[in-house]
Amino acid sequence: MCDFNKLKNGILGFIIGDALGVPLEFKKREIFKNNKVTDMISSDRIGVKGVWSDDSSMVIATMKAIIDNKGKINYESIMNNFILWVSNKNFIAIDKAFGIGRATFFALGNYYNKRYEKITDCGMKGFNYNGNGSLMRILPIACYCYYKKLNEDEIYNLVKDVSSFTHSHEISILGCFIYVLLVIELLSGKEKVNAYSNIRKYNYRKYFSLENIKYYDRLLNNDISKLDVDSISSMGFVVDTLEAVIWCFMNNNSYDKCVIEAINLGNDSDTIGALVGGLSGIYYNDINNKWLNDIKRKNYLLDLCNDFYNSLL
């Protein structure tokens, strides 16, 4: 069983990575090549530093649903919290909600307007809806799978369902599944080289079509860490995002270095920063306390981590 600090540092590491990346989002990588951002700075859009985006809002909303259901997964509760985030500005850092993706927006509309009988049918199904919108919020589900000791089939079915709230295509589900398996490896105390090796060896054909597994070929059939940074895209396609996340995680040796590398890739810097922050927070069991103090609503987040941990136990 992993200790509380490892879980806490994973969640806080995610939110810090998100907030570090917000000011760099949508900016080209070339801007930072000779002048890397290495500290928490204010965003042009927001005007203050330490503000998280939709990534963390949806992670927090998911955690709160698990807490409120005494450590159990309730699909309706999670989706209701997503609606509260969009419509009522719950789970945000300051009085400004921003960053909702297209697929998530449409899927929440499907749920709110009761267009489908099953919540898992609300997600967008087309290939063009394979952004990183379900990957960005899957970390609490990975923690749940680890603490509840779910077996392979249970993990797959839960990840498939939760991704399908917004992103139903198999490519998105597979991206979430790979990240969840990696988080479980790290929570179990595996060295990161071994953890990455294990997710590469996994038999994904048990659940996924070969056609869609091939999209992750550079990650699974090759060693993504060996590629040059110029080969790594930081755009919002779920495959690109996961490649960038694991590349940053494998090529750096501390929490700070991992997330600084991630945000300076530019483009979808908040999501990549967040997902790298989650992995490296868990693995190094460490975060930057100066950055934590820069985060808005720090005490709220600390209480949330404590409540989440206790609910999982």
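In case you missed it, the structure is sitting above this.
Residues numbered from 1 in each chain as written. Predicted model: local features only at pLDDT ≥ 70, side-chain atom pairs only at ≥ 80, totals over all residues. Heavy atoms only, no water.

Trainee: How would you explain the environment of Asn81 if you had to name every residue and give the values?
Mentor: Summarising the element assignment, Asn81 is placed in helix H3 (residues 75–88). In this structure Asn81 comes out as buried when scored by relative accessible area, which is 8%. A C-alpha to C-alpha distance of 5.4 Å links Asn81 and Ala61, two positions 20 residues apart in sequence. Among residues more than four places away in sequence, those in contact with Asn81 are Ala61, Lys64, Ala65 and Phe91. (Helix = DSSP H or I, 4+ residues; strand = E, 2+ residues; numbered from the N terminus. Buried < 20%, exposed > 50% of the residue type's maximum accessible area, 1.4 Å probe, protein only. Contact = heavy atoms within 4.5 Å.)

Trainee: Lay out the packing of aromatic side chains in plain terms, naming residues and giving numbers.
Mentor: Applying the stated criterion across every chain yields a total of 19 aromatic pairs. Ring geometry for Phe177 against Phe208: centres 5.7 Å apart, planes inclined by 50 degrees, an arrangement best described as tilted. Of this pair, Phe177 sits in helix H7 (residues 170–187) while Phe208 is found in the loop between helix H8 (192–201) and helix H9 (210–213), placing the two residues 31 residues apart along the sequence. Exposure remark for Phe177: the relative accessible area of 1% places this residue in the buried category. In this structure an aromatic cluster arises from ring pairing among Tyr156, Phe177, Tyr202, Tyr204, Tyr207 and Phe208. Its guanidinium or amino end placed over the ring of Tyr116, Lys125 lies 4.9 Å from that ring's centre, counting from NZ or CZ. (Phe/Tyr/Trp six-rings, centres within 6.5 Å; stacked < 30°, edge-to-face > 60°. Lys NZ or Arg CZ within 6 Å of the ring centre and 35° of its normal.)

Trainee: Hey, could you go over the environment of Asp230 for me, with residue numbers and the actual values?
Mentor: With respect to the helices and strands, the residue Asp230 is situated in the loop between helix H10 (217–220) and helix H11 (238–250). Sequence spacing of Asp230 and Asp54 is 176 residues, and the spatial spacing of their C-alpha atoms is 27 Å.

Trainee: Go over the pattern of salt bridges, please, and point to the residues and values.
Mentor: For side chains bearing opposite charge, pairing can occur when the charged atoms are close. Across all of its chains, the model carries 12 salt bridges by this definition. Between Lys290 and Asp39 there is a salt bridge, and its shortest N-O distance comes to 3.3 Å. Here Lys290 is found in helix H14 (residues 289–294), whereas its partner Asp39 is found in the loop between helix H1 (4–21) and helix H2 (54–68), with 251 residues between them in sequence. The partly exposed category is assigned to Lys290, whose relative accessible area is 44%. (Salt bridge = Lys/Arg side-chain N within 4 Å of Asp/Glu carboxyl O.)

Trainee: Residues and numbers for unusual backbone geometry, please.
Mentor: In this structure, Phe26 takes a positive phi of about 75 degrees despite not being glycine. For Phe26, the location among the structural elements is in the loop between H1 and H2. Even without being a glycine, Lys114 presents a positive backbone phi close to 55 degrees. A relative accessible area of 70% places Lys114 in the exposed class.

Trainee: Could you give an account of H7, with specific residues and numbers?
Mentor: With 18 residues, H7 should cover 26 Å at 1.5 Å per step; its first-to-last C-alpha distance of 25 Å lies within 8% of that length. With 17 of its 18 residues buried, H7 lies for the most part within the structure. Directly beyond the C-terminal end of H7, a positive phi value near 95 degrees is found at Gly189. (Expected span 1.5 Å × (residues − 1).)

Trainee: I'd like to hear about the side chain of Ser280, residue by residue, with values.
Mentor: Looking at where Ser280 falls in the secondary structure, it is placed in helix H13 (residues 269–284). Under the relative-accessibility criterion, Ser280 is labelled buried at 0%. A distance of 2.8 Å separates a polar side-chain atom of Ser280 from the backbone oxygen of Val276. Residues within four places of Ser280 in sequence aside, it is in contact with Phe249, Tyr255, Cys258, Val259, Asn285 and Asp286. (Polar contact = N/O pair within 3.5 Å; in protein donor to acceptor, adjacent residues only side chain to side chain.)

Trainee: Give a description of helix H6 (residues 152–164) that names residues and reports values.
Mentor: Between its first and last C-alpha, H6 extends 18 Å over 13 residues, near the 18 Å set by a 1.5 Å rise per residue. Along H6, the residues classified as buried are Ile155, Tyr156, Leu158, Val159, Val162, Ser163 and Ser164.

Trainee: Report on the packing of helix H12 (residues 255–263) against H13, specifying residues and quantitative values.
Mentor: Where H12 meets H13, the axes come as close as 8 Å, and the angle between the chain directions of the two elements is 165 degrees. Taken as axis vectors, H12 and H13 run roughly antiparallel relative to one another. In the packing of H12 onto H13, the handedness of the crossing is right-handed. Of H13, the residues touching H12 (which contributes Tyr255, Cys258, Val259, Ala262 and Ile263) are Ser269, Ile272, Gly273, Val276, Gly277, Ser280, Gly281 and Tyr284. A per-class count over the contact of H12 with H13 returns 8 nonpolar, 5 polar and no charged. (Axes fitted to C-alpha atoms, helices over the stretch in contact; angles between N-to-C directions. Parallel < 35°, antiparallel > 145°, perpendicular 65-115°, else oblique. Left-handed = near helix turned anticlockwise from the far one by under 90°. Nonpolar A, V, L, I, M, F, W, Y, C, P; charged D, E, K, R; others polar.)

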